[in-house]
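# Chain and residue survey
Listed here are the chains, written in short residue letters.
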Amino acid sequence: MPTLKQYQVDAFTDKLFGGNPAAVVPLDHWLDDGLMQQIGAENNLSETAFLVKENNGYRIRWFTPTNEVKLCGHATLASAYVIFNHLGFEGSKIEFQSLSGLLSVTKDNDMLTLNFPVNGRIPTKLKEDVAKALGQSPIELYWCIDNLLAIFNSQKEIENLNPDFAALKTISKHGVITTAKGDEVDFVSRCFFPASGINEDPVTGSAHTIFTPYWAEKLGKKKLIAKQISKRGGDLICELAGDRVLISGKAKLFMIGEIYV
């Protein structure tokens, strides 16, 4: 029976059972899209990443339990961890082709740095249904790609969010991402994607392509320390570099297994 090797890695953490777990499946050639989606559903993690070697780098695709997504930070970090530590890659920089264009990850000891495109934001009016769905009233609201970005006054408000996930599904076709200035770091966040089968994402690298330019402008600094204050929690170092965002974090291997297909 054919088998595929699968790695499970906790991303944006230096401890097991922290950060965001991602599955990583290196392939010799692409599987049928339906099969990759079934594997993503079976894993039931925020994302499962699939990799195929291409030229001097890799092409990467990401699947939630319900759909393919255009950009995923933590599963790219996890994929780079696997390539650097388990697939015999000898360089210090990996390039990935993706639905969001060229991405790269560099390694400096145990710190991995994603190089992702900046994602902009369009202001929108504050809406009562958003406040009701989140359980707190944001002070600013923006559309960013397929996400709704809600800005709050304080870390405490982010901690106290108690979302109605059924209501959030009707507000955004992908996700609702929330952030505020941090008490001990530059900014904190929580991110919710019930429309993609993930009520709360433990650590969302892609959301930091939106958070970073916002907070760089607000705080007047390009390098920022961030924390996603989900139950598992995640630590990120973010830097605005023109039209790119550098997002750094660590990763820990949890498991290596085989998929029988």
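Before reading further, recall that the structure is shown in the block above.
Notes on the structure in this doc start here. Please read all numbers here as calculations on a predicted model, not as lab measurements.

## Considerations on helix 1 (residues 33-43)
- Residues of helix 1 that are buried include every one of Met 36, Gln 37, Ile 39 and Gly 40, and no others. Projection of helix 1 onto a plane perpendicular to its axis shows the buried side chains occupying an angular sector of 155 degrees, all on one side. Exposed side of helix 1, more than 90 degrees from the buried face: Gln 38 and Glu 42 are the residues found there.
- Buried-residue contacts for helix 1 involve strand 1 (3-11), strand 2 (20-27), strand 3 (47-54), strand 4 (57-63), strand 5 (68-69) and strand 18 (251-260).
- Capping of helix 1 at its N-terminal end is provided by Asp 32; its side-chain oxygen lies 2.9 Å from the backbone amide nitrogen of Gly 34.
- Taken from the residues just after helix 1, Asn 44 is the one with a positive phi, measuring 55 degrees.

## With respect to unusual backbone geometry
- Phi at Phe 12 is positive, roughly 65 degrees, even though this residue is not glycine.
- Take Phe 12: it is sitting in the loop between strand 1 and strand 2.
- Classification of Phe 12 by relative accessible area gives buried; the value is 0%.
- Located in the positive-phi region is Phe 17, a residue other than glycine, with phi close to 70 degrees.
- Structurally, the position occupied by Phe 17 is in the loop between strand 1 and strand 2.

What counts as what
Residues numbered from 1 in each chain as written. Predicted model: local features only at pLDDT ≥ 70, side-chain atom pairs only at ≥ 80, totals over all residues. Heavy atoms only, no water. Buried < 20%, exposed > 50% of the residue type's maximum accessible area, 1.4 Å probe, protein only. Helix = DSSP H or I, 4+ residues; strand = E, 2+ residues; numbered from the N terminus. Arc of directions from axis to C-beta. Contact = heavy atoms within 4.5 Å. Polar contact = N/O pair within 3.5 Å; in protein donor to acceptor, adjacent residues only side chain to side chain.

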